[in-house]
Amino acid sequence: MSTRWSDWLAAQAQARDDAGLTRMLHPRRAEDTTIDLAGNDYLGLSVHPEVVAAAREAVAVWGGGAGASRLVTGSLVLHTHLECALADYLEQPAALVLSTGYHANLALVTALADRDTLVVSDAHIHASLIDAVRLSRAQLSVVAHNDVEAVDAALAAHAAQQPAGRALVLCESVYSVLGDRAPLAELAAVCRRHDALLVVDEAHGVGVHGPGLVARAGLGGDPHVVVTATLSKALGAQGGAVLGAPALIEHLVNRARPFIFDTGLAPAPTAAALAALRVMRADPALGDVVATRMADLAASLGVEPSSGAVLSVPMPSPQAALAAQAAALEAGVRVGCFRPPSVPDGVSRLRVTVNAGVPEDAWARAVQVLISVTKEHA
Ligand code: PMP
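Residues numbered from 1 in each chain as written. Predicted model: local features only at pLDDT ≥ 70, side-chain atom pairs only at ≥ 80, totals over all residues. Heavy atoms only, no water.

S.K.: An account of the pairing of strand β10 (residues 333-338) is requested, with residue identities and associated values reported.
M.R.: As paired elements, strand β1 (residues 35-37) and β10 share three bridges and run parallel to each other. When the bridges of β10 are listed, Leu37 appears paired with Val335. Alignment of β10 against strand β11 (residues 349-353), held across three bridges, turns out to be antiparallel. Within the sheet, the bridge partner assigned to Gly336 lies in β11 and is Arg351. (Pairing = 2+ DSSP bridges. Helix = DSSP H or I, 4+ residues; strand = E, 2+ residues; numbered from the N terminus.)

What follows is the structure, given as structure tokens:
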């Protein structure tokens, strides 16, 4: 590599090290017995026998990959089944499956927004939505977290300037870092009043809250609300989806570049997600296990419980968060870290995922380990 580039890379690495922000890959072994409270398999469905069997069978029937983009030969009947099942479960009229939740957000926002569109974005939204807005070149107004009045004001100002202008409002049903919820009913009412479209990312809502908080708020099928979701968290598979009106889905099929120029979702995760939906439907109490464990864990660690499956435990510095994470791992429990830049307020945190699939005795052991390491590194 040229010296110019290798010097630059070395300086970047040094700056990361100095700030305690170096990230590393830690490949997991299949035989690893560490209790995993770092992943997003909230309901433990990635290893559920029905999910595993469905993925295996899909590979036997369809092969390893979809083979092409959905608009060429990569659209499988399996995708259609999943889209119908997702739409049905999330109480939406139609769905489109994409290869990740990240793609779902990119596809939706870039296909709807352009330079003439206002995007009003909550300050805490996920990186995939931030990137989507950047790609769309839309006008952007970032409002304070969960500030409905600020959303209203931004939409009103846009309407005054561009009476025929379109507007999108972006939020998450449950925010992963702070674990709080968006005021969905209020945001939807504001969007209705301004004829704007509310985009709700349900990455952390679906499964943990059954069909998600949009459905629970009675907003499924609302013409002013559109949902994105991931299949890689509570559904234990991989992939993403956009859910809304059939006209919107048709528009995405024709205009969304992250859909059009991407290979269709592979058969195994498609079938796995379908099976996970069946399991979730058959056992509606699965999400309640997450809520109960969340309440216990939060009380044990002396922090506010999250509305989702991810508990944030504030730590004094990125270094302290890393040290606590390492100590937990040493004691057999894997947890994550939230460190800048992936925190909205610069506060580093341990990121502990509640997983309903962890057996009761392992869960109790993990809670004890976390009480001890958070005390030690507070
Ligand atoms: N939205 C949110 C809120 C997320 O947390 C994530 C994953 N971290 C995504 C979208 C992206 O989903 P996926 O991992 O399926 O790309």
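S.K.: Quick rundown of the site of the ligand? Include the residues and the values.
M.R.: Lining the immediate environment of the ligand, one finds 14 residues, of which Gly101, Asp201, His204, Thr230 and Lys233 sit closest. In this structure, Asp201 approaches the ligand through a side-chain N or O atom, which is 2.6 Å from a nitrogen atom. In this structure, an oxygen atom belonging to the ligand sits 3.2 Å away from a side-chain N or O atom of Ser232. Of the residues forming the shell around the ligand, the biggest block, three residues, is contributed by helix α4 (residues 101-112). (Near = heavy atom within 4 Å. Polar contact = N/O pair within 3.5 Å; in protein donor to acceptor, adjacent residues only side chain to side chain.)

S.K.: Give a description of the sheet that holds β1 that names residues and reports values.
M.R.: The strands that make up a sheet pair up through hydrogen bonds in the backbone, lying either parallel or antiparallel. The strand order across the open sheet built from four strands is β1-β10-β11-β9, with neighbouring strands paired in mixed fashion. Single-partner strands in this sheet number two, and they are β1 and β9 (310-314). Neighbouring strand axes in the sheet, compared pairwise and without regard to direction, differ in orientation by 30° on average. Seen against the sheet, helix α13 (residues 318-330) touches β10 and β11 and runs at an angle of roughly 165° to β10. Sheet strands in contact with helix α14 (residues 360-376) are β1, β9, β10 and β11, and its direction is about 65° off that of β1. (Axes fitted to C-alpha atoms, helices over the stretch in contact; angles between N-to-C directions. Contact = heavy atoms within 4.5 Å.)

S.K.: Tell me about the packing of α13 against α14, and name the residues and values.
M.R.: Each pair of packed helices can be summarised by the angle the axes make with each other and by the distance between the axes. Axis separation between α13 and α14 bottoms out at 9 Å; the angle between their running directions is 145°. Seen from above, α13 lies across α14 with right-handed handedness. For the pair α13 and α14, the contacting residues are Ala324, Ala327 and Ala328 in the first and Val369, Leu370 and Val373 in the second. Its residues placed into classes, the contact of α13 with α14 shows six nonpolar, no polar and no charged. (Left-handed = near helix turned anticlockwise from the far one by under 90°. Nonpolar A, V, L, I, M, F, W, Y, C, P; charged D, E, K, R; others polar.)

S.K.: Let's hear about the domain arrangement of the chain: which residues, and what values?
M.R.: Under the domain assignment, the chain is made up of domain 1 (23-42 + 309-377) and domain 2 (49-281). Summarising the inter-unit geometry, the C-alpha centres of domain 1 and domain 2 are found 28 Å apart. Across the boundary between the two partners, domain 1 contributes twelve residues, which contact ten residues of domain 2. Both sides of the domain 1 and domain 2 interface together cover about 870 Å² of buried area, and 62% of this is carbon and sulfur. For the interface between domain 1 and domain 2, the tally reads zero salt bridges. At the boundary of domain 1 with domain 2, the tally comes to two residue pairs in polar contact (both at pLDDT 80 or more). Looking at the side of domain 1 that touches domain 2, its residues break down into six nonpolar, three polar and three charged. (Domains from an automatic or database assignment. Buried area = accessible area lost by both parts, 1.4 Å probe. Salt bridge = Lys/Arg side-chain N within 4 Å of Asp/Glu carboxyl O.)

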